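# Examination of the molecular architecture
Listed here are the chains, written in short residue letters.
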Amino acid sequence: MMYDTVIRKGSVVDGSGTAIFTADIALANGRIQRIAEPGTITDTAREIIEAEGLYLAPGFIDVHTHDDLEVIHNPQVPAKISQGVTTVIVGNCGISASPVTLQSDPPDPLNLLGDRNRFAYPQFSDYARAVQKSSPNVNVAALVGHTSLRNNHMDDLQRTATESELTAMRAQLRGALQQGAIGLSSGLAYGSAKCADTAEVLEMVAELAEQGGVYTTHLRTEFDRILEAMDEALMTAREHRVPLIVSHLKCAGRGNWGRSEEVLGTLEAAAEYQQVACDCYPYTASSSTLDLAQVTDDVEVFITWSEPFPEQGGRSLAEIAREWNLSNFEAAEKLMPAGAVYHCMSDEDVKNILKHPLTMVGSDGLPNDPHPHPRLWGAFPRVLAHYGRDLGLFDLPQAVHKMSGLSATNFGLANRGFIREGYCADLVLFDYAALESMASYAQPQRPAQGISRVWVNGVCAYSGGVVHDSRSGAFLFRD
């Protein structure tokens, strides 16, 4: 048989968390056609890769992204493909690019995705077609944002929805799920959704129970009342027997440091009788729009952009405040609307959450930020190199499992996330010893070192430090 690619004698980390083995892997027609003992695949291939000394893993699945419009307007998605990510899940934190109809500028935090003129997808099917037309370098699966639905049907986001508004929101969610959306996300900590009461969220999640799909949530708070917020999320999903994923789980704010074991204990206890998981990014700083509630003197805040003062992007809030002879809070008020990085977590809590068996990896990167958090370009190699190889938080099979097999299973991505015969040929080949995340807070837009090659549906999308215009990603519709 003529194969497209044969990868010889690579150390295979298959995504299941089990032991590494050496094998030859043959790819054809976008699939893994054969896995065999090293040196035994002698068939002709258009490309033969000698991979001895390198590690071959399933392409990483970034379960928490805001790449909704990035995959359309920047389809090579260099920030993702250069770190081995082959699939992105968009529509997180209650904000999705579709279905959206805007009467004015997008409300915060929907504005994180782009300007008003970029929201051109009133139906979910419009968005799916746009992604397919753009043919990005990565596969795309999409959630529907609760805040996006609220925007479409409510004239005031500072209250809970009325019965007629809920009916309209449910109908639109139903249509999106029938058109292939994989679930619903909420962002109850944000001003545009925090007035939604639990009954409103329950109504939306009820639609998932009827149509299928997962429920992901940016908790109502990640600060001192986090356990109450988790109880709400767990109850909401349990009530309708819907799988729950807690987004970017963290213990935020100095007064909350050291509570990760307590928080994880709550998640573990719930996992005994309902389907739950969480994701985490491997950094002690968060990033979002500038929120006055998070501006305190004991947390370092870094401004990534400012609409009224764009020249202040890339500077610390404290430095700006001193220059303006204002308090940090007053300076933040003056800068808004703006974006910020908050150094609000302890490394011990991040490590506890990241190593937990229920935790997947998500970058939560913001591609529209002119000075983004380094997680946009560096999250996945940082997990492998810093937390895995250097700190020994977990072994390589466990780390890869958190980025591939576990993610595909929790989000229902069929035939992806594992290196198995017949599965889609989403693969990353890397030098584990040389692997490093090069993105930093000072220089966040730098590609990782040590990523040798990346294949998406059997087509090479990255090699030798170069992003190829392979454009072989698929839109992943919910089955």
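Residues numbered from 1 in each chain as written. Predicted model: local features only at pLDDT ≥ 70, side-chain atom pairs only at ≥ 80, totals over all residues. Heavy atoms only, no water.

Attention shifts here to the sheet that holds strand β13 (residues 286-289). Where strands meet in a sheet, backbone hydrogen bonds hold them as pairs that are either parallel or antiparallel. Spatially, four strands are ordered β13-β16-β14-β15 in an open sheet, and the strand pairing comes out antiparallel. The sheet terminates laterally at β13 and β15 (315-316), the two strands that pair on one side only. Relative to strand β16 (residues 338-343), β13 runs antiparallel, the two being bridged by four bridges. Note on β16: the bridge partner recorded for S288 is A340. (Pairing = 2+ DSSP bridges. Helix = DSSP H or I, 4+ residues; strand = E, 2+ residues; numbered from the N terminus.)

Bringing the pattern of salt bridges into the picture now. Across all of its chains, the model carries 27 salt bridges by this definition. Between E203 and R170 there is a salt bridge, with the nearest N and O atoms lying 3.2 Å from each other. One end of the pair, E203, is in helix α6 (residues 198-211); the other, R170, is in helix α5 (residues 163-178), and 33 residues separate them in sequence. Two residues, K351 and D347, come together in a salt bridge whose shortest N-O distance is 3.9 Å. Here K351 and its partner D347 are both found in helix α11 (residues 347-355), four residues apart, which amounts to about one turn of the helix. What emerges from the salt-bridge pattern is a single network uniting R170, R174, E203, E207 and E210. (Salt bridge = Lys/Arg side-chain N within 4 Å of Asp/Glu carboxyl O.)

With that settled, consider the pairing of strand β8 (residues 139-145). Taken across its seven residues, β8 has seven buried, putting it largely inside the fold. In β8, alternate side chains face the same way, and those of N139, A141, L143 and G145 on one face and V140, A142 and V144 on the other are all buried. One ladder, built from four bridges, connects strand β7 (residues 85-90) with β8; its direction is parallel. Paired with I89 across the strands is A141, a residue of β8. As defined by bridge partners, β8 adjoins strand β9 (residues 183-187) across three bridges and the pair is classed as parallel. (Buried < 20%, exposed > 50% of the residue type's maximum accessible area, 1.4 Å probe, protein only.)

The tendency in soluble globular proteins is for nonpolar side chains to be buried side by side. Residues Y127, L249, L290, L384 and F430 are the most contacted members of the largest nonpolar core, which totals 118 residues. The element best represented in this core is helix α7 (residues 226-239), accounting for seven residues. Apart from the residues within four sequence positions on either side, Y127 is in contact with D68, V71, I72, V90, A97, S98, Y121, V140, A142 and F475. With 18 residues, the next largest nonpolar core counts I32, L56, L427 and C460 among its residues. (Core = buried A, V, L, I, M, F, W, Y, C linked by side-chain atoms within 4.5 Å. Contact = heavy atoms within 4.5 Å.)

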